[in-house]
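# Coordinate analysis (summary)
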Amino acid sequence: MPTRKRKLGRGVALVGAGMSKFGAFKDKNSRELMVEAYQELQKNVDKGLNPKDIQALYEGNGSSDLFENQIHTAPIMASWLGLVPIAATRVEDACASGGVALRQGVIAIASGLYDVVLVTGVEKMADLPTDKVTDILAAASDVVYEAPAGFTFPGLYAAMATAYMAKYGATPEDFMRVGIKNHSNGALNPKAQFGSISDLMKSRVARAKEKGQPVPTWKDEMDFMRDPAANPVVAWPMRLFDCSPISDGAACALLVAEDIARNFTDEPIHIIGSGQASDHALHERASLSSVYAAQLAGREAYEMAGVKPADIRIAEVHDCFTIAEVMATEDLGFFAPGKGAACASEGYTKRDGPKPINTSGGLKSKGHPVGASGVGQVVEVWSQMRKKAGPRQVPVDVPLALTHNVGATGGTCAVHIFERR
Ligand code: COA
């Protein structure tokens, strides 16, 4: 059967977004984090939101089963948000759960079934010790062929980074510069888990002085990044500051049919492209230095939106590890294959560069509560496109933006394109 260009059955608009702070919160459960995100969303709907208008809820969640010993969380979230008895559905695609939940919301509205949908994402990871979290995350790899061979997520992405370096001659320093850039963006985001490397250096120096310990003498941020005591190898070439952290957090986005968007705001953001694809487990792939599902999801979203990679002004991409951001900028067509690392090193992806990437701080600095991350990306493009991003606002107009959310090593990818008219 001949394929035809995929399109949305009717227009979908984003009219509100909100998120909790991302971080490690011993005193808060996932429901409380979700309420925090939803309350912020309610404040961000310019003309107000009557909760009775919400007809369905989609919840991105990676593994409440293993992190919290709680399944069936979508109706629990609906209950805590006062939204029972609307349809409430959990969506699981590992770290792409939030992006895929967004796509489900888009499809539900585009089909004509619902007019007002709340898309949410949540994860509560940080109550467990790192070794337990590592095991749970590894369950998103292939547990027959990858996990038993000793692969953890840092290990899987280290294999991709090694392949990328061997193929294109990139260096660990290129990846370090991605980390520095994202931490400096995160420093300007009050919701982020971590601040800048330079602030961290200052606090480490102050701590050493206070304790009467030898005071580090790093010359600059790169010097800190190269110091194995400050930035130890987790799985070579991925060091601590190449890895996203273990995080708790929640995020929400309110989608409505385009024809009623102005009941909620005079500045809606239109979702004009949505793409999703899957791939084999990493050990079965032809290439370790790119993510095929991201290329396909990107192509579908671009074709639907009728735009090209060069038209996208800013993007929030899935930097669960710094190598992942480098590959994403190539898979999405922003830079040619093999050029992503050099372009990042040369500053193309900085907040004031020609292609700002991860102005929120990305997963690296903002945090990576896996099920929430894809929806957290939407919160950033919503803020940037409406010029509400405060000190991290990009210095240019943003008529088009993109989000890219990857599940595991690329078994799933969801890409969305947003337009301000
Ligand atoms: N980046 C930067 N700093 C980090 C960090 C990260 N990813 N993780 C922890 N830290 C900091 C902590 O704040 C702490 O700093 P302090 O000493 O100044 O207080 C210090 O490093 C030690 O923290 P700790 O929690 O003991 O680290 P850890 O060694 O247990 O965990 C990792 C570090 C990298 C192993 C963990 O963050 C991890 O597994 N990340 C990857 C998560 C992942 O795979 N997600 C899914 C991706 S697909």
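Scroll up a little and you will see the structure.
A few points on the structure. Keep in mind that this is a model prediction, so the values were computed, not measured. (Residues numbered from 1 in each chain as written. Predicted model: local features only at pLDDT ≥ 70, side-chain atom pairs only at ≥ 80, totals over all residues. Heavy atoms only, no water.)

A tally of regular secondary structure across the protein chain gives 14 helices and eleven strands. Over its C-alpha atoms, taken along the principal directions, the protein chain stretches across nearly 60 × 50 × 50 Å. Among the 421 residues that make up the protein chain, the fraction classed as buried is 58%. When contacts within the protein chain are restricted to residue pairs at least 6 apart in sequence, those whose partners lie at least 24 apart make up 76%. About 16600 Å² of surface is accessible on the protein chain, with carbon and sulfur atoms providing 53% of the total. Computed over 45 positive and 47 negative side-chain charges, the separation of the two mean positions in the protein chain equals 4 Å. (Helix = DSSP H or I, 4+ residues; strand = E, 2+ residues; numbered from the N terminus. Buried < 20%, exposed > 50% of the residue type's maximum accessible area, 1.4 Å probe, protein only. Contact = heavy atoms within 4.5 Å. Areas by Shrake-Rupley, 256 points an atom, 1.4 Å probe, with all protein chains shown as cover. Lys, Arg positive; Asp, Glu negative; His and termini not counted. Charge placed at Lys NZ, Arg CZ, Asp CG, Glu CD.)

Within the fold, Ser63 resides in the loop between β2 (56-60) and α2 (64-68). Sequence-distant contacts of Ser63, defined by excluding residues within four places in its chain, comprise Glu68, Arg90, Glu123 and Ile136.

With that settled, the discussion passes to the packing of helix α1 (residues 30-44) against helix α3 (residues 73-80). Contact geometry of α1 with α3 gives a least axis separation of 10 Å together with a crossing angle of 55°. As far as their axial angle goes, α3 and α1 are oblique. In the crossing of α1 with α3, the sense of the turn from one axis to the other is right-handed. Facing Ser30, Arg31, Glu32, Met34 and Val35 of α1, the residues of α3 in contact are Ile76, Met77 and Trp80. Among the residues making up the contact of α1 with α3, the classes are represented as five nonpolar, one polar and two charged. (Axes fitted to C-alpha atoms, helices over the stretch in contact; angles between N-to-C directions. Parallel < 35°, antiparallel > 145°, perpendicular 65-115°, else oblique. Left-handed = near helix turned anticlockwise from the far one by under 90°. Nonpolar A, V, L, I, M, F, W, Y, C, P; charged D, E, K, R; others polar.)

What follows deals with the pairing of strand β10 (residues 400-407). A large share of β10 lies buried, amounting to eight of its eight residues. Burial along β10 is two-sided: Leu400, Leu402, His404 and Val406 and Ala401, Thr403, Asn405 and Gly407, pointing in opposite directions, are all buried. Pairing geometry for strand β9 (residues 314-316) and β10, over three bridges, is parallel. Of the residues in β10, the one forming a bridge with Ile314 is Ala401. By the bridge criterion, eight bridges tie β10 to strand β11 (residues 412-419) in an arrangement that is antiparallel. What sits directly across from Leu402, in β11, is Ile417. What sits between the antiparallel neighbours β10 and β11 is a turn of four residues, in which Ala408 has the positive phi angle 55°. (Pairing = 2+ DSSP bridges.)

This part takes up the sheet that holds β2. The strand order across the open sheet built from nine strands is β3-β2-β4-β7-β1-β8-β11-β10-β9, with neighbouring strands paired in mixed fashion. One side of each edge strand has no neighbouring strand; the edge strands of this open sheet are β3 (87-91) and β9. The sheet shows a mean angle of 25° between the axes of neighbouring strands, direction not considered. Direction of pairing for strand β1 (residues 12-19) relative to strand β8 (residues 269-278): antiparallel, over a ladder of three bridges. The residue bridging Ala13 from the neighbouring strand is His270, located in β8. Docked against the sheet, helix α10 (residues 292-305) engages β8, β10 and β11, running at close to 145° with respect to β8.

All right, on to the pattern of salt bridges then. Close approach of charged atoms lets side chains of opposite charge pair. The full count for this structure, using the stated rule, is 20 salt bridges. Overlapping salt bridges, with partners in common, bring together Arg6, Arg103 and Glu300 in one network. (Salt bridge = Lys/Arg side-chain N within 4 Å of Asp/Glu carboxyl O.)

As a structural note, the neighbourhood of the ligand is formed by 17 residues, with Thr130, Leu137, Cys243, Ser244 and Lys364 the closest of them. In this structure, a nitrogen atom belonging to the ligand sits 3.4 Å away from a main-chain N or O atom of Leu240. Residue assignment for the shell around the ligand shows that the elements contributing at least two residues are α5 (130-138) and α8 (197-211). (Near = heavy atom within 4 Å. Polar contact = N/O pair within 3.5 Å; in protein donor to acceptor, adjacent residues only side chain to side chain.)

All right, on to the pairing of β2 then. In terms of residue burial, β2 counts as a mostly covered element, since five of its five residues are buried. The alternating pattern of β2 places Ala56, Tyr58 and Gly60 on one face and Leu57 and Glu59 on the opposite face, and all of these are buried. Inspection of the sheet shows β2 paired to β3 by five bridges, in the parallel sense. Residue pairing in the sheet places Gly60 in a bridge with Val91 of β3. Strand direction decides the pairing type here: β2 and strand β4 (residues 116-124), joined by five bridges, are parallel. The residue bridging Leu57 from the neighbouring strand is Leu118, located in β4.

For the rest of this paragraph, the subject is the environment of Asp266. With respect to the helices and strands, the residue Asp266 is situated in the loop between β7 (248-257) and β8. Separated by 2.7 Å, the side chains of Asp266 and Lys47 make a polar contact.

Taking 1.5 Å of rise per residue, the 16 residues of helix α6 (residues 153-168) would be expected to cover 22 Å, and the 22 Å separating its terminal C-alpha atoms lies within 8% of that figure. Within the sequence span of α6, burial applies to Phe153, Pro154, Gly155, Leu156, Tyr157, Ala158, Met160, Ala161, Tyr164 and Met165. Once α6 finishes, Gly169 follows within two positions and takes phi at roughly 75°, a positive value. (Expected span 1.5 Å × (residues − 1).)

Note that Ala235 resides in strand β5 (residues 233-235). Judged by its relative accessible area of 17%, Ala235 is buried. Linking Ala235 and Phe224, residues eleven residues apart in sequence, is a C-alpha distance of 18 Å.

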